[in-house]
Structure formats: structure tokens, C-alpha cells
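Listed below, chain by chain, are the residues.
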Amino acid sequence: MTGMVSTNGSSSTGTQRVKRGLAEMLKGGVIMDVVNSDQAKIAEDAGACAVMALERVPADIRRDGGVARMSDPEMIQAIQASVHIPVMAKARIGHFVEAQILQSLGVDFIDESEVLTPADETHHIDKFDFTIPFVCGATNLGEALRRISEGAALIRSKGEAGTGNIVEAVRHLRSILGDIRKITQADSAELFEWAKRLQAPLSLVQEIAETGKLQVPLFCAGGIATPADAALAMQLGAESVFVGSGIFKSDDPAPRAKAIVEATTHFRDADVLARVSRGLGVAMTGIAMDEINDTQRFASRGW
Amino acid sequence: MNMQVGVLALQGAFAAHSECLTSIGVQSVEIRTPEQLGSVDALLMPGGESSTMSQLLESSGLFDPIAARIADGMPVFGTCAGMILLASEILDGRSDQRSFSAIDISVRRNAFGRQVDSFEANIDSSVGEFHGVFIRAPRIERVGVGVEVLGSINDEPVLVRQGNVLAASFHPELSNDARLHEYFVSLTAKKKKV
């Protein structure tokens, strides 16, 4: 079943266009972490454009410690059976066999995720080797371009998952989009230096200089807990948001999920944002960055 | 010509449609509120998740104004999820999913399968030959009497039209080819002259 682009007569599956196409369909939407089919239904009812099936939300992974792995296929299949929207699932960084299993299950997108414990400290998965698309996290433009050069169809800023704190997501979005803006101002000689500094393929840097944007959609993840957080990410230039612990670690998940969906669509409309932010109850408590030490940071995983 | 095409921007591939329209010199405007709908001559409904869009059409107060404009003859083009929103019958959708019933077709949501089955293929069409990108695509399982089939793959309809309503189960906005957008704009131009 593993096997990149396959052509049957005039029809092809697994092409870059088909992979990036699904990422385009997810724009302007909210992808919610869910741990069972009940949560998946709440997410779909609230207007999520996709769900991420996983055994524990990042806040619990952080609390429990130990090794975090791909979820049980039985649990992923139960979620697939319960909703119409796309279902994503996470594989460990570099763990291409987990990815093969997820493809065999027919998940719609694989997240090669730093939230799980990395399986390879040097290599990421060769994502061209798969029919289904991959999303990967990035803290800066160089990391994003390395993942794209490995075949990622979608990039999400990493933020710091499971903290309910938006500060890292803002840092990563500003870094990625700020460097894109600078590259569009660079002359052709400076692009060589940019490629060297970013440790990224020159051709991708040159393409950004021409188009002014990343080759694949850019979403935001890691720390979104409120409608205002989602709108902040969107106004900074993210094209969709992933919400992990922020929904199901809050007091009242269903209305908060719906409010975040509306805030993501109407992200520039402060009147809508004010209306949907009212009376949502207590958001997840959250963690300040100086309360976690460097070894507990998920964002630094990935190379 | 001074024409403005609205692109429903509640969720989905609206940005790619706007780029297509810009590439053929047509002014486009993103539609998220009823007020924004007022100024447009035609409306494009992109792909995305039809159940998400259906809910956002309700919460944004856009559903009824769009239905009224379509009934009033405004040209509208739905692709993939957009086509589902326009169909008279949705199969395998959510029970609470609403549609505009603007074109007499029955469509089955995600009938071509999950993403692993998403594909691109050539389409035979009376409007020209197109390369279509199908993403978790819906299938047109029934075509009503008044509906014209403009394009098909393997004898199965994928591009249909009924009066001012055009619908495709694929994504013309993903294949660097704006000819279908040009065709839609030409329908709008005819309408505008009348």
C-alpha cells in the first residue's frame, strides 16, 4: 500500500497537487484534537474542518511523561467511523513504520509530530514515499523548508503544545512569515546566503523570493486556548488553526469549540470576536514558559 | 467590464479561487457577511468541508440572503463542497446539513473515498478538456431533467449546469487553469447584459 504516486490510465493518486489540495480544503478552519468518538462528534458538531485522533491530548502527554507513541488503530478507526470530516493522526518523528500503519488505516493526513517522542534524532520521514499527505511542525523558515523538501504538504507553526500559552506560536509565526517578507526584498546574491543561513534548499528560497509565500499552506498550532488566540494567529498570517488541549481541557468544550470556529472565520471582525468570546467559562489553566525547562519543550524536537 | 465576483470565504479553498479570478483580470471579494454579498454580481462556493460551511452559513446569517440571490438569478458556481451546498439532495451527509437546492442533482458526500483515493484525471467536457483534481470528492449520482452535463470522467458526470447554477465535483482552482472560471464569468457577463 505504501507507494507515492500511482497512475492508472489517465488518473493518478498521491501527487503533490492532490496532497496539497487537501491542505487547501482545510484553510480557514479549525482542526481539533480528540481522544474518542464522543469528542470527535462534539468537534464535528461545532464545525471543525478535521479532527486529530490521538490517545492523550498534549497537556496529558506533558503531565504523564514517558514515551508517547502513535495511537491504537482501534481508537483511530472508531473516530473515523463516527465523523464525516477528515481524520488526521500522529506518527513519531522519523517513525516511518507508524506512518505506514496510519496510511493503511486510511487516515487523511499524517502529522509527523514533535508532541510524540521522536523515533529518530537525525532523520525525518521521507514523505514522498507515501500516498497520503503529511503535516509537519516548524519553529522557523529553515525548518519549514526542510520539511517541504522532504515532501510535507502542509506546515504548522509548532508553538508549545499542551501549555494553553500562545506566546511560542506567535514567536514561530512571526519568525517564519517575517523571514519570508525579508526574502522577497533580497537580491539574487543574497538568496545564496539566505539558503545557507536557513540550511534549506536554494531552489525553495528562490521560489519564495518570487512568490512571496511558502510552497504549501501554513497553519498554526500549539497553545491556542481562546477565540482571541485563534484570531491572533490568523491575523498574523496563519491560514487555519490546530487546537489541541485548548478545547477538551476547558470547562465547557462544545461552546468553546464553536466559538473558536467562528473566530477563525471572522478573524478580522472584532464585533464577532467579542460576541463569541462571551460566557465561555474557564479556559484551560495553561503554563508559563518559564515554568517548563528546556528538556520538556516539544518545539525543540525536530531537525 | 466592471464585474465583481464574490468568493464565499467561510472555510475552505477560497484563496485559490480568488487567485484564479485575479489571474483572468476579474475583481473578487471574500464573502463572510450578508453586507459583503450585496455588491457582487456572482458567487463562487469553494471546496472545503460542507458541514462546516453549512453551520457557518447559519451563524453568519448568510444562508437566507444567498438563497434569495440565487432564486433571483445570480450566477453561482460550486466546486466540491460548494457543489454539495447547491445540490437538491445530499446523501451520506450530516442529518442537519442544509443545502440551497439550487440544482436538481443528488450528490453523495466523499463518495470517491478518503484522501488515499483522492486523484487527478482528465475530464472530457463540452467546455474544453480539463485536468481535474478530485479531493475526497462527492459523486453526482442523479441528474435531474433540467440539468445539462458539461463534463464527465468514465461516463460519470462531474461538471453540470442548470440555468444560473454551475457545479463541479472537482477543483478547477488547483490546476493552474482558469478556463472554467472564464466560462463562469462569461455566464455572469451574459446575465449582466440582460
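Q: Before we go on, may I ask you to explain the interface of chain A and chain B in this structure?
A: How big an interface is tends to be reported as the loss of accessible area on association of its parts. Taken together, the 41 residues of chain A in the interface contact 42 residues of chain B. For the pair chain A and chain B, the summed buried surface comes to about 3200 Å²; carbon and sulfur atoms form 54% of the total. Of all residues in chain A, Arg 17, Met 25 and His 84 of chain A bury the most surface against chain B, accounting for 24% of the area lost on that side. Scanning the region where chain A abuts chain B turns up 5 salt bridges. Applying the counting rule to chain A against chain B returns 22 residue pairs in polar contact (both at pLDDT 80 or more). When contributions to the side of chain A that touches chain B are tallied by element, the ones reaching two or more residues are β2 (11–13), α1 (16–25), α2 (37–46) and α12 (253–265) of chain A. With 7 residues, the top contributor of residues to the side of chain A that touches chain B is α1 of chain A.

Q: I tried to follow the environment of Leu 166 of chain B on my own but got confused; where do I start?
A: Residue and element names in this part refer to chain B. Position of Leu 166 relative to the elements: it lies in strand β12 (residues 165–168). On the basis of relative accessibility, which here comes to 0%, the residue Leu 166 falls in the buried class. Linking Leu 166 and Ile 103, residues 63 residues apart in sequence, is a C-alpha distance of 8.2 Å. Beyond its immediate stretch of four places on either side in the chain, Leu 166 contacts Val 76, Phe 77, Gly 78, Leu 86, Leu 150, Leu 159, Val 160, Arg 161, Tyr 183 and Phe 184.

Q: Any chance you could explain the pattern of salt bridges here in plain terms?
A: It is possible for side chains of opposite charge to pair when their charged atoms get near one another. Residues and elements named next belong to chain A. Under the counting rule described, the total for this entry stands at 36 salt bridges over all chains. Note that Asp 60 is salt-bridged to Lys 249, the shortest N-O span being 2.9 Å. Of this pair, Asp 60 sits in helix α3 (residues 58–64) while Lys 249 sits in the loop between α11 (245–248) and α12; the two residues are 189 residues apart in sequence, bridging distant segments of the chain. Judged by its relative accessible area of 34%, Lys 249 falls in the partly exposed class. Residue Lys 258 pairs with Glu 262 through a salt bridge whose shortest N-O separation is 3.5 Å. Placement of the pair is Lys 258 and Glu 262 together in helix α12, with a separation of 4 residues, close to one helical turn. Since its relative accessible area comes to 36%, Lys 258 is described here as partly exposed. On the basis of relative accessibility, which here comes to 7%, the residue Glu 262 falls in the buried class. What emerges from the salt-bridge pattern is a single network uniting Arg 56, Asp 60, Arg 63, Asp 64 and Lys 249.

Conventions and cut-offs
Residues numbered from 1 in each chain as written. Chains lettered and ligands numbered in written order. Predicted model: local features only at pLDDT ≥ 70, side-chain atom pairs only at ≥ 80, totals over all residues. Heavy atoms only, no water. Contact = heavy atoms within 4.5 Å. Buried area = accessible area lost by both parts, 1.4 Å probe. Salt bridge = Lys/Arg side-chain N within 4 Å of Asp/Glu carboxyl O. Polar contact = N/O pair within 3.5 Å; in protein donor to acceptor, adjacent residues only side chain to side chain. Helix = DSSP H or I, 4+ residues; strand = E, 2+ residues; numbered from the N terminus. Buried < 20%, exposed > 50% of the residue type's maximum accessible area, 1.4 Å probe, protein only.

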